[in-house]
Each structure stands twice: as structure tokens, then as C-alpha cells.
Amino acid sequence: MNSAESLIKSIQGLSASPGDLSALHGILRKAEDSLRNNWDVQLATLEELDPSIHSLGYLYLLEGLTRGSVSKGKTSGVVLLMSRFINRCDAGQIRLASEKFVTLCKRFKDRVLELEDPLRGVAPLVSAVRKVQISAKCLTALHPDCLQLCLEAKCYKAGFSILSDDILEVDQPRDFYLYCYYGGMICIGLKRFQKASELLYNVVTAPMYQLNAIALEAYKKYILVNLIHSGQFSNSLPKCASTAAQRHLKSWCIPYYEVGNRYNDGKISELEAVVVAHSSDFEKDNNLGLVKQAVASHYKLNILRLTQKYLTLSLQDIANMVQLANAKEAETHVLQMIQDGQIHALINQKDGMVRFLEDPEQYKTSEMIEVMDSVIQRTIGLSKNLIAMDESLSCDPLYLGKVGRERQKFDFGDDFDTVPQKFSMVSSLSQLRNRNSLSSYRSVPQRSLCVSSSSSDTLLAGGSSKEDERQSKASSKKEGDDSGDLKHWLDRNGLPPCKVLLKERPAHDQNHKPIHYVAASEDLQKGDVAFSVPDSLVVTLERVLGNETIAELLTTNKLSELACLALYLMYEKKQGKKSVWYPYIRELDRQRGRGHLDVESPLLWSEAELEYLTGSPTKAEVLERAEGIKREYSELDTVWFMAGSLFQQYPFDIPTEAFSFEIFKQAFAAVQSCVVHLQNVSLARRFALVPLGPPLLAYCSNCKAMLTAVDGAVQLVVDRPYKAGDPIVVWCGPQPNAKLLLNYGFVDEDNPYDRIIVEAALSTDDPQYQDKRLVAQRNGKLSQQVFQVRVGKEKEAVQDMLPYLRLGYMSDPAEMQSVISSQGPVCSMSPCMERAVLDQLTDYFMRRLAGYPTTLKEDDALLADPSLNPRKRVATRLVRLEKKMLAACLVATVDLLNELPDTTISPCPAPYAPSLK
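Residues numbered from 1 in each chain as written. Predicted model: local features only at pLDDT ≥ 70, side-chain atom pairs only at ≥ 80, totals over all residues. Heavy atoms only, no water.

- In the annotation of an unreviewed UniProt entry, the entry for the protein reads COP9 signalosome complex subunit 3, and the organism field reads Brassica carinata.
- Checking UniProt for the protein, the heading Sequence similarities (unreviewed entry) contains the comment "Belongs to the CSN3 family." (UniProt positions renumbered as here; feature names shortened; annotations may be inferred.)

Here you go:
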């Protein structure tokens, strides 16, 4: 007893703080053997403890108390003790001994089933699941037990509440099988056949080395549920099912296959005959009720097909067409389908006619909008979870190591299912694999191939500095050599006769080589084909990887097209003159990713140079794009590994060892500045590097000429006349100047597509937020709305913002719709509210203008200086154009303020005004 009293004092004194609980946990583990002595001591001990305060100690004592067999007379008392503890225990404490808590709960389930009173255990186990669950995404060992009790007790709604969470983390496969199987049965009990089908599908397609009884029973129910829900049956399993399932499930489910085949045939008499012939099998499997529901659904499916052909039918006609006994049975089925929402119809009781109607749902009610919004939010959440799981798995060294070892031993085929489904895509890459290269790579000492970036060599790769110097000297000596000239290289490799030539102009920095550009070699008229580059001279992912499917696979799942192209050119650069692309890469090095204003993308600017963009949203976009490039760089090794060496001729050059991040960023920016987005081609060809294309061609916003893909080539048809020697320009797409600077390093002051962004958001603290959000959605706006202020359209943009901002100031739901749909500069709302809205806009535009360190006059003075740094010049051009649009918006807002009838009225207070940024 002394030891029991000492233990009680320890439990009572060490159950307060986390540090004390850790000490108590150690004491309890040491005393665990002595806790099993006798019932009376432990029972007396439990009475001195509070399960909500002393949960950890209570758990150890109760687990020891229930460890052995319990007589029938004491079972009810033990169940009561366990139930009270599970309901009242502290989640934080029991998670310190979660395995012991799970064991106790499973024991509780067994005791409840012994008493044949499963309902008694439903509420405690639902509570236990929530307490032991670290997050809603995690599947615990108690999920299956809880669902089993719900099934036994026919308490389906309680079980369905657990199924509402999306499970993303699974510890034990058996728990997952049982969770989905029991969950599917609960959904069947609730007539939620679509959800049941999804859960049973998860069991059937889960990875397994050999067929198990859970999957077999799940597949039988899956066949019947699909017939009931969608009237569909397939003789083949889903392609993602394991080999064991594909081989063995069908042979164990022959009666169910016969039901499915007769169902597909559409002959109800043959279907019923099969059911009668195999009724003993169905009854043995406890599936006879489901089979009868499947037969009944056949009638409903046929009635549903009639609604697609007829507007009006008599009940007797329906009975004849769907093979029912009489009109009364037809009426029963039609009424049930109307009640379930499967069809929309009216029955005339006088003449027995049925009139089929269209679906009355117009998908514009607030309830339907709520439903769609919840589905969208759930889809977004699932997408984020999948991306997070993909990133976690892709970077797991243990997993990658295991996959790598198994790839050396096995040839991926349809029978190989030990790799999780996410990596099943890799099997399509096996044709690119050089298996010997991977195995031999492990015997080759790893060596660092990274070198520092060079200011004059954008695509510099990992050769030695001496080799680079030697090649540089050799190329300078042979400047006139045709082997290094881009135009001569193109001519030798099949470029058809064209009407352009390469000219050069001096670079702003005298340390850099002159910049080449494409000019007309003769007078051109609108519609002339300036040049046509054959596909054999165009770099696309399809050409790089040799397979369109693989190219799409990589860029869809791992890298962007630009990253793949940049990586390919860096590898080719390492080969020097051995590369077939040497003259083209040499020209890209010469251009250094500069636009026709002799400026690189801000991605390559220093921190001090990025300060030129202070006040402009472009600065944040540059930093965000740079982070994206870092993420691309971190994926390089994974993609290289997935393809078994991304390109077969580089089996030993692991990307991040061959190229530093700075080199990759320079190459990425260079490719970004010259890539062409082709239209009406496959995904693997949509981004292309075209010799004679950008950056040799200058971009222009008001030009309509584009590089287009034609049969076997990429050609340029000019949209205006040119004199011989004039530089050729192409359209860069409808991009604002911020994108032009980020992508190509220039700003077009005559850009008709230039714009700035204003983001507005309804206040989530507003008690009427939901009402206002629904009103906004009905009028094509979102709770967080982006407004585009286009150059020359500033006044129209301000007037477009006003109705949305007014909505935030309203409190009367009846007026909200008229407010947001109103047109014109001034709404019929109160003058003080209108002034408040306009004052908010005025303050916003003034605040944005104040965020720039210079004024418009100071910008003009800077641009008048011919010696201004090119990067500062182009940045000043951008911020100057942004400030001009903001100033025009401010003027338009002030004009609207001046139009108010009484300028002496003060603005109304607005605690829930929309935010602007």
C-alpha cells in the first residue's frame, strides 16, 4: 500500500506542467509491473484521481486494471470506468502514451461487443479518435474500431462525421483498408453511394503484395455500389490497381461479374435469373440486400433514359418500356426518383400521364453559390496538400535511394507495383535510361563541377578556367571564321534562303562586345516571309528529350519549360565546339540576356540596383520570381535522377554539382529573354528557342508580327514595310511594362497594354461579410477583387472600383444589390458615404505615389541625362509610367469629389471599409 500511496502522490503532484508530466511518465513506466497486482488496490487508487486532471496516471492504472480477463459480473463496471475516462481525459496528457491509450480503447471496444451493446461505445470512441488524432489529416489506429462500432450499432451518422475529413497521412496499411471498407459500408447505410464508391475504390486500388480478404469484400461491394449509383460496370479493374488485385480479384467475384454483365445487357429477366441462381452466395456475403438494390436501380436507370427521349409518357407506357409489372409499380418508382432528386416530373393522377421537366436549379441562388464555393475551397486545399506531399516525397533521401536501387534491379513494367502511384510516371521514362551509367556512376568519385559565374559568359558551365580561356582566345583569333558565325551555321544546316541579315551596334558598356540584331537584307512589304527556320534548328523540349510525352511529364510535374531548356543549354555549353549548338550558344553568350535597351532582366541586378524599383510592385515580383528559380534549381537533381540522367550524354554530371545556382539563374534569365511561345502546338513544343528569333529580334508592343509554327518550320511574316537595313521587330504579346522589364529587360513607353493593379478586399471582420460577398459574387466580383488600371483608361477604372468599395460601406442588405450594380460617377447613397468612398480612394493613390522616392519631374530630369546607367534608366522609365497612371487615377477621383453637391459634408465613419493595396 505504501508504494500505491506514493504513486498516487506522484500522480497528483506531477500532473500540472509539461516538465512534471515527463517526469511522471518515467515513474509510471518503471512502476508498470506493480500496477497489475490486484483489482481492489487499483480500483481504490482510481477513486482518488480525477481523469480530467490526472489523465496520464489514470491511463496507466486503468490499462493495468483491464489487462487481464474480466468476469462477466465486472465487465459492465469496467466498461463504465473506461467510458468515463475516455470522455473526460486530457488529450495532451494521453498523447504522451498514445499507444497505451489506443490499446485501452481497443480493449473497450471488445468489452462493449461482449456486452452486445455497441451503441454504448460509439460516443466514447468518437471522442477518443479526436483526442488521439494529431491533425484532421491523420488516420489513427482507432478510426476502424470506431467505424466498426458505428456499423454494429447502426449509428451511421456518427460514423459519417469521422469520414468528412480528407485523410492524407497513413501509418498502417491495414488501418487504411478497414477505415475505407467500414466507411464504405456506413455510406451505403446512409444511401450515399458516391462516397461509398470512392472509399471502396481506395481499398481495391491500394498497394498490396498479395490479395487480402478486406480488398476482396470491398470489391464485391464496389461492383454493386457502382451499379446502384451510376449504372456502370467494367470487366477490368482500374489501371492503378496492384498486380495482385488485377490477377486474382475476378476469379473470386464471378457471381458479381455475372450480375454486372447482365446489368449492362439491359435485360431485366436475365438479371433477375442470375440473382436467383447465386442468391446463396450473395446471402453468404451479406450482400443480398445490395444486389436487390442494384436490380431496382436498373428500373430507375431505364426511367432516367426515358426522360432524355420523351416529354410526356403514361405510367403504363413507362411500365412496358422498363419491364415493370404494372402502372402502379411504375408510379412508385417515379415518385421515389422525384423524391430523391434523380428526375424532375409531374404526375397527373386523372389520366396517369407523367410530364418530365427540366432541372429547376439555375445555379445562382445563395445556397448554390455557397456549395460551389465550398467545393472550390476544398479543391484548392487538396491541391496544396498534394503539392506539399509531392515536394516532401521528392526530397526524401531514403525514398529516392530505395527507388534508385530498385531501378537498377528491375525493368519497370505493368507488373511492378512496389513504388507508390506518384512515381508510376517514371516507368514511361525507362526508355531514356542508361542503366550501366547509373551503376558505374557509383564507382566514380564525386567531384565538384561548380565554378563562379562570369559577367561575360551567361551560359558558362563547368569546364576548367584554363579550357575556357583557351577557347576564348581561339575564338577571338578566328572572329571571321564561318564556323563561329550564326548566319553561316544556319545556312550550312538547312536554313532556306531568307530576307534578313545580322548587323551589330555598340553596347553601352565598352567592355562588352557589340550587340547583334536581325535587319532586313532587302526592302520588305507587309505579308512577306522574312525567314523560315526549320524545326531541325529549333530547340524545344520534344527535341531535347526525344519524346513528347516525357517532355510534358517533366514540365507538368517538376520543372518549368524554361528550367529544362536552360539546363540543356548549360550541358551543351560544357561541350564547347563539340556541341552542335555551339554557334547559337555563342550568340546567346554575346547577348547576355540583354534586351534591345542593353539591359538584363532585374533578376540579375544587384540589391542596390533593385532599389531603383522602390515603390513599384515590380520589385516584389522580381524577388518572388527569384525564389521560384531557387525552387526550380532545387528540383534539378530529382528530375535528372527520375530520367535516369536527364539527357543520356551526361550520365555523371549531377546538375547541382555541375552548375552553381548563380550560373543557373543567369542561364534561366537568358533563356527567358529569348524563348518564343508558339501557338497551336503540343505542350512539348510550345516554348522554343529559335535562332534569328529574340533577342536578335527586337520586341515591340504595337507590332502584330509573331513567330508562328508552320509545317516543319518556324517562320516570321512581317506586319509592316521595311527598308533594307531596318531592324525587324516582333510582337511580345499583351504584356504590361512590368512584365516586359522582368522578362526581357526593356520598357515600351508606347505600350497600349500597360497597366497597374489595385487589389481590394471586403473586411472579414464585417458582421455582414457573407451577405456582401454573395452580392459581389452575383455581380462578377470576388471577396478579394483585382482591378486593372489600363493606360489611358484611368477614369473608367476608378468608376469601376466605386460600386465595389461602396458595398463595404453599406449596412442595409436591400440596398447592396442596387449599390454594386449602379453605374455613373455618383451613387444615390448618402453624400457622407460617397465622400468616404472617394476619400479612401484619394488617400490610397496618394499613399502609393508617396511610396516612390522620386517625383515625376525628378524622373524627367534623370532621363534627360545621357550618361545615366542603363539599368537605372529603364527602371526610371517603368516607375515614371506607373506614377503617371496613378496620378491620372488621383485626378479622376478628385474630379468626382468636386462633383459632390455639398463639399462641406464630412465623410462617414467606416469601421468595415474594404482594404486597398
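Alright, that's what it looks like, and here's the rest.
### Quick word on the overall build of the protein
Alright, step 1. Looking only at helices and strands, the protein has 40 helices and 15 strands in total.
Alright, step 2. Within the protein, the fraction of its 917 residues that count as buried is 49%.
Alright, step 3. If you take every contact in the protein between residues at least 6 apart in sequence, the share linking residues at least 24 apart comes to 70%.
Alright, step 4. On the protein, roughly 44,100 Å² of surface is accessible, and the fraction owed to carbon and sulfur atoms is 51%. (Helix = DSSP H or I, 4+ residues; strand = E, 2+ residues; numbered from the N terminus. Buried < 20%, exposed > 50% of the residue type's maximum accessible area, 1.4 Å probe, protein only. Contact = heavy atoms within 4.5 Å. Areas by Shrake-Rupley, 256 points an atom, 1.4 Å probe, with all protein chains shown as cover.)

### Considering the packing of helix H18 (residues 288-307) against helix H20 (residues 327-339)
Alright, step 1. Contact geometry for H18 and H20: axes closest at 10 Å, N-to-C directions at 80°. By the angle between their axes, H18 is roughly perpendicular relative to H20. Of H20, the residues touching H18 (which contributes Ala-296, Tyr-299, Lys-300, Ile-303 and Leu-304) are His-333, Val-334, Gln-336 and Met-337. (Axes fitted to C-alpha atoms, helices over the stretch in contact; angles between N-to-C directions. Parallel < 35°, antiparallel > 145°, perpendicular 65-115°, else oblique.)

### Re helix H14 (residues 243-252)
Alright, step 1. Those residues of H14 that sit buried are Thr-243, Ala-244, Ala-245 and Leu-249.
Alright, step 2. Each element contacted by the buried residues of H14 is listed here: helix H12 (193-205) and helix H13 (213-230).

### With respect to the confidence of the model for the protein
Alright, step 1. When pLDDT is averaged along the protein, the result is 79, and 81% of the positions lie at 70 or above.
Alright, step 2. Long-range and interchain partners of residues 460-484, a stretch whose pLDDT sits below 50, account for 30 contacts in this model, where long-range means more than four residues apart.
Alright, step 3. Here residues 823-828 scores under 50 on pLDDT; set against residues more than four positions off or in separate chains, the count is 13 contacts. (pLDDT = per-residue confidence, 0-100.)

### Considering the sheet that holds strand S15 (residues 915-916)
Alright, step 1. With antiparallel pairing, the three strands of this open sheet are ordered in space as S14-S13-S15. What marks the edges here is a single partner per strand, and that holds for strand S14 (784-790) and S15.
Alright, step 2. In this structure, strand S13 (residues 755-761) lies alongside S15, joined through two bridges in antiparallel fashion. Looking at S15, one finds that Ala-761 is bridged to Ser-915.
Alright, step 3. Contacting S13 and S15, helix H38 (residues 831-850) crosses the sheet at an angle of about 130° to S13.
Alright, step 4. Packed on one face of the sheet, helix H40 (residues 870-898) meets S13 and S14 and runs near 55° to S13. (Pairing = 2+ DSSP bridges.)

### Some points on the packing of aromatic side chains
Alright, step 1. Applying the stated criterion to the full structure yields 19 aromatic pairs.
Alright, step 2. Between the aromatic rings of Tyr-201 and Tyr-222, the centroid separation amounts to 6.1 Å while the plane-to-plane angle is 50°, which identifies the pairing as tilted. Remark: Tyr-222 occurs in helix H13 and Tyr-201 occurs in helix H12; sequence separation between them is 21 residues.
Alright, step 3. For Tyr-201, a relative accessible area of 29% puts it in the partly exposed group.
Alright, step 4. Members of the aromatic cluster, each reached through a chain of ring pairs, are Tyr-201, Tyr-219, Tyr-222, Phe-233 and Tyr-257.
Alright, step 5. Taking NZ or CZ as reference, Arg-192 lies 4.3 Å from the ring centre of Phe-160, over its face.
Alright, step 6. Seen from the ring of Trp-731, Lys-704 lies directly overhead, with NZ or CZ sitting 4.4 Å from the centre. (Phe/Tyr/Trp six-rings, centres within 6.5 Å; stacked < 30°, edge-to-face > 60°. Lys NZ or Arg CZ within 6 Å of the ring centre and 35° of its normal.)

### Concerning the sheet that holds strand S3 (residues 353-356)
Alright, step 1. The three strands are arranged S1-S3-S2 in an open sheet whose pairing can be described as antiparallel. A single partner strand is all that each edge strand has here, and the edge strands are strand S1 (312-314) and strand S2 (345-348). Taking the axes of each pair of neighbouring strands and ignoring which way they run, one obtains an average angle of 20° across the sheet.
Alright, step 2. Where S2 meets S3, four bridges bridge the pair, whose relative direction is antiparallel. Residue pairing across strands places Ile-347 opposite Val-354, the latter belonging to S3.

### A closer look at the environment of Thr-140
Alright, step 1. Position of Thr-140 relative to the elements: it lies in the loop between helix H8 (119-132) and helix H9 (143-152).
Alright, step 2. With residues up to four places along the chain from it excluded, the contact list for Thr-140 reads Val-129, Val-132, Gln-133 and Asp-175.
Alright, step 3. A polar contact is formed between the side chain of Thr-140 and the side chain of His-143, at a distance of 2.9 Å. (Polar contact = N/O pair within 3.5 Å; in protein donor to acceptor, adjacent residues only side chain to side chain.)

### Points about the state of the cysteines
Alright, step 1. Counted under the stated rule, the structure contains zero disulfides.
Alright, step 2. There is no disulfide at Cys-700, and the cysteine sulfur nearest it, in Cys-703, is 5.6 Å away.
Alright, step 3. With relative accessibility at 13%, the residue Cys-700 sits in the buried group.
Alright, step 4. Looking at Cys-732, it has no disulfide partner, and the nearest cysteine sulfur is the one in Cys-700, 7.4 Å off.
Alright, step 5. The buried category is assigned to Cys-732, whose relative accessible area is 8%. (Disulfide = S-S within 2.5 Å.)

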